[in-house]
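Listed below are the residues making up each chain.
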Amino acid sequence: MSNMQKENAHGKGLVALLKRAGGCEPVLVIASASTVGRLALGWKESFGHAHWIYRVRSFGEDSDESEIEALAQEAENLQAKTIAALGNAKLIQTVSSAAERIGVQICCFNEEP
């Protein structure tokens, strides 16, 4: 997949990708600040057209216990059914730990070059 195709799929096409993976709303999207900056407008359009509830959280690059707990708490506050993790292996591992802790489905999308 080219960078432009990935950009479109992970931006405007994120809801379609989540649906194919069995995801449902509400969705907590977790990504690096640079990924959020690049794709947030596409997410707004994608989730808006689908009428899905979602929230975006920038990943702070920490993978310690406090970050895992904060991610789990934010997902619980949203009553998320799915967490979408877009990032590198460290982000995906941290988000996976949070999702496992609260029993929420996770859909992972690698954003590494």
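Structural notes, computed from the coordinates. (Residues numbered from 1 in each chain as written. Predicted model: local features only at pLDDT ≥ 70, side-chain atom pairs only at ≥ 80, totals over all residues. Heavy atoms only, no water.)

1. What about the overall build of the protein?
The helix and strand tally for the protein stands at five helices and four strands. The helix and strand sequence of the protein, counted from the amino end, reads α-α-β-α-β-α-β-α-β. Here the protein has a C-alpha radius of gyration of 13 Å; the compact-globule value for 113 residues is 13 Å, and the two agree. Here the C-alpha coordinates of the protein stretch approximately 35 × 30 × 20 Å along the principal axes. For the protein, with 113 residues in total, the buried portion stands at 44%. Here the protein has roughly 5,900 Å² of accessible surface; of this, 50% comes from carbon and sulfur atoms. Charge-centre separation for the protein: the mean point of 11 positive side chains lies 8 Å from the mean point of 14 negative side chains. (Helix = DSSP H or I, 4+ residues; strand = E, 2+ residues; numbered from the N terminus. Rg over C-alpha atoms; globule rule 2.2 N^0.38 Å. Buried < 20%, exposed > 50% of the residue type's maximum accessible area, 1.4 Å probe, protein only. Areas by Shrake-Rupley, 256 points an atom, 1.4 Å probe, with all protein chains shown as cover. Lys, Arg positive; Asp, Glu negative; His and termini not counted. Charge placed at Lys NZ, Arg CZ, Asp CG, Glu CD.)

2. Comments concerning the pairing of strand S3 (residues 82-87)
Most of S3 sits inside the fold, with six of its six residues counted as buried. Residues Thr-82, Ala-84 and Leu-86 line one face of S3 and the alternating positions Ile-83, Ala-85 and Gly-87 line the opposite face, and both faces are buried. Sheet analysis places S3 next to strand S4 (residues 105-110), joined by six bridges and oriented parallel. Looking at S4, one finds that Ala-84 is bridged to Cys-107. (Pairing = 2+ DSSP bridges.)

3. A few points about the environment of Glu-65
Positionally, Glu-65 belongs in helix H4 (residues 65-78). The exposure class assigned to Glu-65 is partly exposed, which follows from its relative accessible area of 47%. For Glu-65 and Ser-97, which are 32 residues apart along the polypeptide, the C-alpha to C-alpha distance reads 9.4 Å.

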